Amino acid sequence: MPQTLRLTSQVAEALLGAVPEGALLVGADQRVVAVNQQLVEMARLQDVDTSPGTPVGTLAEAVAEQLPSGSTALRQLNRRQFPRTAEVRFLDGRVIRTNRRPIDVDGEHLGVLWLAEDITEQRRREHDLRRHVRTLGDLARERAEFTARASHELRTPLATILSFCDLLAPPAGGPLSATQGTYLDTIRRNAQRMQEMVDGLLHAAASTGSRPETTYARVDMARLLGRLTHELLPRAEAAGIFLVHAHEPGPPAYADRNQLENALAALLDNAVKFTPPGGTVTVSAHPYDEPDGTGWEISVADTGIGIPKEFHDEVFTEFVRAPNARRGAYPGTGLGLSAVRDTVRLHDGHIALHGGEDGGTSVVVRLPTGRPAPA
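Every residue gets a number counted from 1 within its own chain, in the order that chain's sequence is written. In keeping with the model being predicted, local features are shown solely for residues with a pLDDT of at least 70 and side-chain atom pairs are shown and tallied solely at 80 or more, while totals for entire chains, interfaces and linings include all residues. The side-chain numbers reported here are obtained from all heavy atoms of the structure, hydrogens and water having been left aside.

Quick word on the overall build of the chain
So, step 1. Think of it this way: any DSSP run of H or I at least four residues long counts as a helix, any run of E at least two long counts as a strand, and we number them from the N terminus. On a plain count of helices and strands, the chain comes out with 10 helices and 12 strands.
So, step 2. The buried share among the 375 residues of the chain stands at 38%.
So, step 3. When the accessible surface of the chain is summed, it comes to about 21,700 Å², and 54% of that surface belongs to carbon and sulfur atoms. For the exposure calls, accessible area comes from a 1.4 Å probe over protein chains only, and a residue counts as buried if that area is under 20% of its type's maximum, exposed if over 50%, partly exposed in between. Computed with the Shrake-Rupley method and a 1.4 Å probe, the accessible areas treat only the protein chains shown as cover for residues.

Quick notes on the confidence of the model for the chain
So, step 1. Looking at the chain as a whole, the pLDDT averages 82, with 88% of positions reaching at least 70.
So, step 2. Across the chain, the element-wise mean pLDDT spans from 49 in helix α4 (residues 72-79) up to 94 in strand β12 (residues 361-368).
So, step 3. Across residues 1-7, confidence stays below pLDDT 50; counting only partners more than four residues off in sequence or on other chains, it has 16 contacts.
So, step 4. The pLDDT value expresses, per residue, how confident the predictor is, ranging between 0 and 100. Whether two residues are in contact is decided by their heavy atoms: any pair within 4.5 Å suffices. Of the regions scoring below 50 in pLDDT, residues 77-82 engages in 14 contacts with residues more than four places distant in sequence or in other chains.

What to know about the sheet that holds strand β3 (residues 85-89)
So, step 1. The pairing criterion for strands is at least two bridges between them, as found by DSSP. Sheet architecture is open: five strands sit in the order β2-β1-β5-β4-β3, paired in antiparallel fashion. If you trace the sheet from one side to the other, it starts and ends with β2 (32-35) and β3, each paired once. Neighbour-to-neighbour, the strand axes of the sheet open up by a mean angle of 20 degrees, direction not taken into account.
So, step 2. When strand β4 (residues 95-105) meets strand β5 (residues 108-118), the two strands line up antiparallel, connected through 10 bridges. The residue bridging Val105 from the neighbouring strand is Glu108, located in β5. Here, axes are lines fitted to C-alpha atoms. For helices the fit covers the stretch in contact, and angles between N-to-C directions go from 0 to 180 degrees.

Brief notes about the nonpolar core
So, step 1. With 38 residues, the main nonpolar core has Met221, Leu264, Leu267, Ile298, Val315 and Val365 as its most contacted residues.
So, step 2. Those residues within four positions of Val315 in sequence are excluded, and the remaining contacts are Ile307, Val320, Ala322, Leu337, Ser338 and Leu353. Put simply, a nonpolar core is a bunch of buried Ala, Val, Leu, Ile, Met, Phe, Trp, Tyr and Cys residues held in one set by side-chain atoms that sit within 4.5 Å of each other.

Brief notes about unusual backbone geometry
So, step 1. In the Ramachandran plot, Gln30 falls in the positive-phi region, its phi being about 65 degrees despite a non-glycine side chain.
So, step 2. Here Gln30 is to be found in the loop between β1 (22-27) and β2.
So, step 3. Here Gln30 falls in the partly exposed class, since its relative accessible area comes to 43%.
So, step 4. With phi around 60 degrees, Asp348 is a residue other than glycine that occupies positive phi space.

Brief notes about the packing of aromatic side chains
So, step 1. Between 30 and 60 degrees the pair is tilted, below 30 it is stacked and above 60 it is edge-to-face, where a pair is any two Phe, Tyr or Trp rings, Trp via its six-membered ring, whose centres lie within 6.5 Å. With the rule as written, the count across this model stands at zero aromatic pairs.
So, step 2. Positioned over the ring face of Phe90 is Arg94, at 4.7 Å from the centre of the ring.
So, step 3. Only when the NZ atom of a Lys or the CZ atom of an Arg is both within 6 Å of the ring centre and within 35 degrees of the ring normal do we say a charge sits over the ring. Over the face of the ring belonging to Tyr288 we find Arg366, whose NZ or CZ atom lies 3.9 Å from the ring centre.

Remarks on the packing of helix α7 (residues 221-238) against helix α8 (residues 257-273)
So, step 1. Closest axis-to-axis distance for the α7/α8 pair is 10 Å, and the angle between their directions is 40 degrees. Note on packing geometry: the crossing formed by α7 with α8 is right-handed. Across the interface between the two elements, Met221, Leu224, Leu225, Arg227, Leu228, Thr229, Leu232 and Arg235 of α7 pack against Leu260, Glu261, Leu264, Ala265, Leu268, Asp269, Val272 and Lys273 of α8.
So, step 2. Residues were grouped as follows: Ala, Val, Leu, Ile, Met, Phe, Trp, Tyr, Cys and Pro as nonpolar; Asp, Glu, Lys and Arg as charged; and all remaining residues, including Gly, as polar. Residues belonging to the contact of α7 with α8 are distributed by class as follows: 10 nonpolar, one polar and five charged. Helix crossings are classified by the rotation of the near helix relative to the far one: an anticlockwise turn of less than a right angle makes the crossing left-handed, while a clockwise turn makes it right-handed.

As for the pairing of β5
So, step 1. Across six bridges, β1 lies against β5 in antiparallel orientation. In the strand pairing of β5, Leu25 is matched with Leu113.

Quick word on the packing of α8 against helix α10 (residues 336-346)
So, step 1. Relative orientation of the contacting elements α8 and α10 amounts to 140 degrees, with a least axis distance of 9 Å. Relative to α10, the element α8 lies oblique. As α8 runs across α10, the sense of the crossing is left-handed. Seen from α8, the contacting residues are Gln259, Leu260, Ala263, Ala266, Leu267 and Asn270; seen from α10, they are Leu337, Val340, Thr343 and Leu346. Oblique is the label for any angle not covered by the other classes, which are roughly parallel (under 35 degrees), roughly antiparallel (over 145) and roughly perpendicular (65 to 115).

What follows is the structure, encoded as structure tokens:
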């Protein structure tokens, strides 16, 4: 054995035998110091001389015969300049990941340790996963496109039905009998219900596509909630519902105004929709200042039909509605709370439900104040 081999072959063989990967120790003179059995089997070197002192080029040539002719790894093997980490694809389809680790002691280069691991199964699983993800993405896009097309097709006839309802109603259509008035109200009510469902489906189709860029700006939370409750007041009065609001002044929040306004409007709409005549909807907002940050706590509480406690998590899932909402024939698609949750998460906030069935519902949203976006 050449004197340049400073590493003891017996010790090296014992050490490499305990390594789970294939391992090859090469001395500074480019000769084999030790090879473990794992590498011999992995690289198909059973018929190659791997004894200590063998030129490493002999092993490289044996491996090169198993690689495609145009392989980058083949050229690197021929130049003896393999990268620190590389993946080598063999002719039989196997993928081997190699790792080269120089061995230097006190500034002196003693050799190189090569480690090899068969990652064929790992790459196959990753390939299958990517293929499944692409398939699911295609299915989601197809569903969104179908939903959008169907919803758009439904909007036109529904708008026509509602327009003719207005034309038939007094005074434009002249006096109607009690029975005719009942029929007309039924048509209008069901058309409006279908229109709400179509709007929900359109929202779902839009949410599965690319989300519009979020634009953060200063938002006066008390003023925003005050305006939303004021706009909702006529509808609440018409339904015989008491609407109470208490908004404390506080620091502005940095948020996407449009998305936040839509989310809060959906919460208020739900509270009124699920509250019977004579009930109360209470909207409150106040700033908080805690050790972990500042923000706003917004509460929308109603005395409506409530949500069973076992459904408090599920109702935030798209198209999921509580059973009492379905039994009560309340219009909706089960998309409102999922959209609210997405907006709250977008702003690093938290949303929680309180209350049970027949006991009303309280929705509490905590939104951090946030910081202004950089110029």
